[in-house]
Amino acid sequence: MIALEHVSKRYGGVAAVDDVSLTIPTGEVFGIVGQSGAGKSTLARIVNLLERPDSGTVTVDDVELTSLRESDLRAARRRIGMVFQRFNLLNSRSVRGNVELALELDGTSRQDRRARAQEMLDLVGLGHRADASVHELSGGQQQRVGIARALAARPSVLLSDEATSALDPETTTSILELYRRINRELGLTVLLITHEMDVVKSTCDSAALIEAGKVVEQGRLVDVIKTPGSRLTGQLFPLGPIPEGVPADATVIDITFAGGNADRPVIARLARDHGVDVSILGAAVERIAGTQAGRTRLEVPGEVAASVIADLRGQGLLVEVLQGVAA
Ligand SMILES: Nc1ncnc2c1ncn2[C@@H]1O[C@H](COP(=O)(O)OP(=O)(O)OP(=O)(O)O)[C@@H](O)[C@H]1O
Ligand SMILES: [Mg+2]
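Residues numbered from 1 in each chain as written. Chains lettered and ligands numbered in written order. Predicted model: local features only at pLDDT ≥ 70, side-chain atom pairs only at ≥ 80, totals over all residues. Heavy atoms only, no water.

- The name given to the protein chain in an unreviewed UniProt entry is ATP-binding cassette domain-containing protein, with the source organism recorded as Microbacterium dauci.

This is the structure in structure tokens:
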């Protein structure tokens, strides 16, 4: 488990990380999402203490990193593998040499280094390119080498800072699948830092939303999508503003469906039971944390809105009112 408690970091007048408390359960793929400048990379550097926070504590696998001396910290940091956006590979070394680098400072024998590097390259699908030069590889392949290197020292946590943002969509998908496989097969906790909600949607179990250095929301996605007013959910289902032309006296609601709830029968039944026309203004269906989930925006005549909303909530659906009754 990774636990940050009341962590803050200022650069001059900027509160890059501002009183952040965050718990990342063992074995999860956890997303940290937020706009550029929100403080994500600063937070990532604080997790492995490349950057010391001004205040607060960082605990990884029951070891409080913030209380360690620099020499003990070096050993503790090996529990955390890091993958960077710009790969940070050495061009002068072979693919294998880059992966072995992670083991050179800790007394691993040459033979063991070589075996471990080969094992990790096989895992990321590059076992056959071990002798190639780094510059002969594509961006996606280089990122796989970066992941193999990060895994070489057997960390319990893999920390990835925008590791896919320089890659095309297809390559991004394959790298994200690799993260999920590593999480599943090696049991690693994976911390994915990203500005892309799609990365969270496709890959993460849980997420935290960061704004101006603060965590404004965090939780398991399956719970988040059931939380009224969730900002993360709003970004998971980007339905945008209410379309123009919707009468001012109509009620507009968003219904969120999770866990295989199909929206069609619900809406058809609404129209039937309440004897009203319900217009669908927008809909988004997504696969989130392995669950089918969707959000549908409806326009309901004002006079029946209260009973329609009560009916839907009675069925256990999340209903949020954007305009009209109880808005
Ligand atoms: N070493 C530094 N010195 C001074 N200011 C810094 C430093 N690192 C980060 N900052 C500032 O802290 C804030 C957060 O930066 P950070 O890099 O953590 O954001 P980010 O969320 O990773 O953004 P991006 O999505 O663009 O990578 C920004 O205002 C940035 O200018
Ligand atoms: Mg960053």
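Things to note about the overall build of the protein chain
Point 1. In terms of helices and strands, the protein chain carries eleven helices and 14 strands.
Point 2. Projected onto its principal axes, the C-alpha coordinates of the protein chain cover approximately 75 × 45 × 30 Å.
Point 3. Scored against the burial criterion, the 327 residues of the protein chain give a buried share of 50%.
Point 4. Counted over contacts in the protein chain with a minimum sequence separation of 6, partners at least 24 positions apart contribute 68%. (Helix = DSSP H or I, 4+ residues; strand = E, 2+ residues; numbered from the N terminus. Buried < 20%, exposed > 50% of the residue type's maximum accessible area, 1.4 Å probe, protein only. Contact = heavy atoms within 4.5 Å.)

Focus: helix 2 (residues 70-77)
Point 1. Regarding helix 2, the residues found buried are Leu73, Ala76 and Arg77. Burial along helix 2 is one-sided: seen end-on, the buried residues are contained in an arc of 95°.
Point 2. Elements that come into contact with the buried residues of helix 2 comprise strand 6 (80-83). (Arc of directions from axis to C-beta.)

Some details on the layout of surface pockets
Point 1. The space that makes up the largest pocket amounts to roughly 700 Å³.
Point 2. Residue assignment for the lining of the largest pocket shows that the elements contributing at least two residues are helix 2, strand 6 and helix 5 (139-152).
Point 3. Taken together, the residues that form the lining of the largest pocket break down as eleven nonpolar, three polar and six charged.
Point 4. When its volume is computed, the second largest pocket comes out at roughly 260 Å³.
Point 5. Pro169, Thr172, Thr173, Leu176 and Ser202 are the residues nearest the centre of the second largest pocket, which is lined by 15 residues in total.
Point 6. Contributions of two or more residues to the lining of the second largest pocket are made by helix 6 (169-186) and helix 7 (197-203).
Point 7. Here the lining of the second largest pocket takes six residues from helix 6, the largest share from any one element.
Point 8. A breakdown of the residues in the lining of the second largest pocket according to their chemical character gives four nonpolar, six polar and five charged. (1 Å grid on protein atoms, 1.4 Å probe; cavity = no way out; pocket = protein on both sides within 12 Å on 5 of 7 lines; lining within 4 Å. Points joined across faces, edges and corners; volume = space filled by probe spheres on them. Nonpolar A, V, L, I, M, F, W, Y, C, P; charged D, E, K, R; others polar.)

Observations regarding the UniProt feature "domain: ABC transporter" (unreviewed entry) in the protein chain
Point 1. Here, UniProt's "domain: ABC transporter" (unreviewed entry) annotation points to residues 2-237.
Point 2. Segment residues 2-237 splits into 36% helix and 26% strand. End C-alpha atoms: 28 Å apart. (UniProt positions renumbered as here; feature names shortened; annotations may be inferred.)

Some words on the nonpolar core
Point 1. Core analysis: the biggest nonpolar cluster contains 51 residues, and Ile147, Leu158 and Tyr179 have the highest contact counts within it.
Point 2. For this core, the domains that each give at least three residues are domain 1 (2-224) and domain 2 (232-323).
Point 3. Setting aside residues up to four positions removed in sequence, Leu158 forms contacts with Gly81, Val83, Ile147, Ala150, Leu151, Tyr179, Ile182, Leu188, Thr189, Val190 and Leu191.
Point 4. Among the nonpolar cores identified, the runner-up in size contains 29 residues, and Leu22, Val47, Leu65 and Val157 belong to it. (Core = buried A, V, L, I, M, F, W, Y, C linked by side-chain atoms within 4.5 Å. Domains from an automatic or database assignment.)

Side note on the side chain of Arg297
Point 1. In this fold, Arg297 is placed in strand 13 (residues 291-300).
Point 2. A distance of 2.7 Å separates the side chain of Arg297 from the backbone oxygen of Gly240, its partner in a polar contact.
Point 3. Side-chain polar atoms of Arg297 contact the side chain of Asp254, separated by 2.7 Å.
Point 4. Once you skip the residues sitting within four places of it in the chain, Arg297 turns out to touch Leu239, Gly240, Pro241, Ile242, Val252, Ile253, Asp254, Ser279, Ile280, Leu281, Gly282 and Leu322. (Polar contact = N/O pair within 3.5 Å; in protein donor to acceptor, adjacent residues only side chain to side chain.)

Looking at the site of ligand 1
Point 1. If you check the shell around ligand 1, you find 13 residues, and the closest are Ser36, Gly37, Lys40, Ser41 and Thr42.
Point 2. Residue Ala38 places a main-chain N or O atom 3.2 Å away from an oxygen atom belonging to ligand 1.
Point 3. For ligand 1, an oxygen atom lies 2.9 Å from a polar atom in the side chain of Ser41.
Point 4. Considering ligand 1 on its own, with 630 Å² of exposed area, one finds that the protein chains cover 59% of that surface.
Point 5. Elements represented by at least two residues in the shell around ligand 1 include exactly strand 2 (14-24) and helix 1 (40-47).
Point 6. Of all the elements, helix 1 adds the most residues to the shell around ligand 1, at four residues.
Point 7. In the shell around ligand 1, the residues fall into four nonpolar, six polar and three charged. (Near = heavy atom within 4 Å. Areas by Shrake-Rupley, 256 points an atom, 1.4 Å probe, with all protein chains shown as cover.)

Describing the sheet that holds strand 4 (residues 55-60)
Point 1. Strand order in the open sheet formed by four strands is 2-1-4-5, and the pairing between neighbours is antiparallel. In this open sheet, the two edge strands, each paired with only one partner strand, are strand 2 and strand 5 (63-64).
Point 2. Sheet topology places strand 1 (residues 2-11) next to strand 2; seven bridges connect them, and they run antiparallel. The residue of strand 2 that forms the bridge with Tyr11 is Val14.
Point 3. Docked against the sheet, helix 1 engages strand 1, strand 2 and strand 4, running at close to 125° with respect to strand 1. (Pairing = 2+ DSSP bridges. Axes fitted to C-alpha atoms, helices over the stretch in contact; angles between N-to-C directions.)

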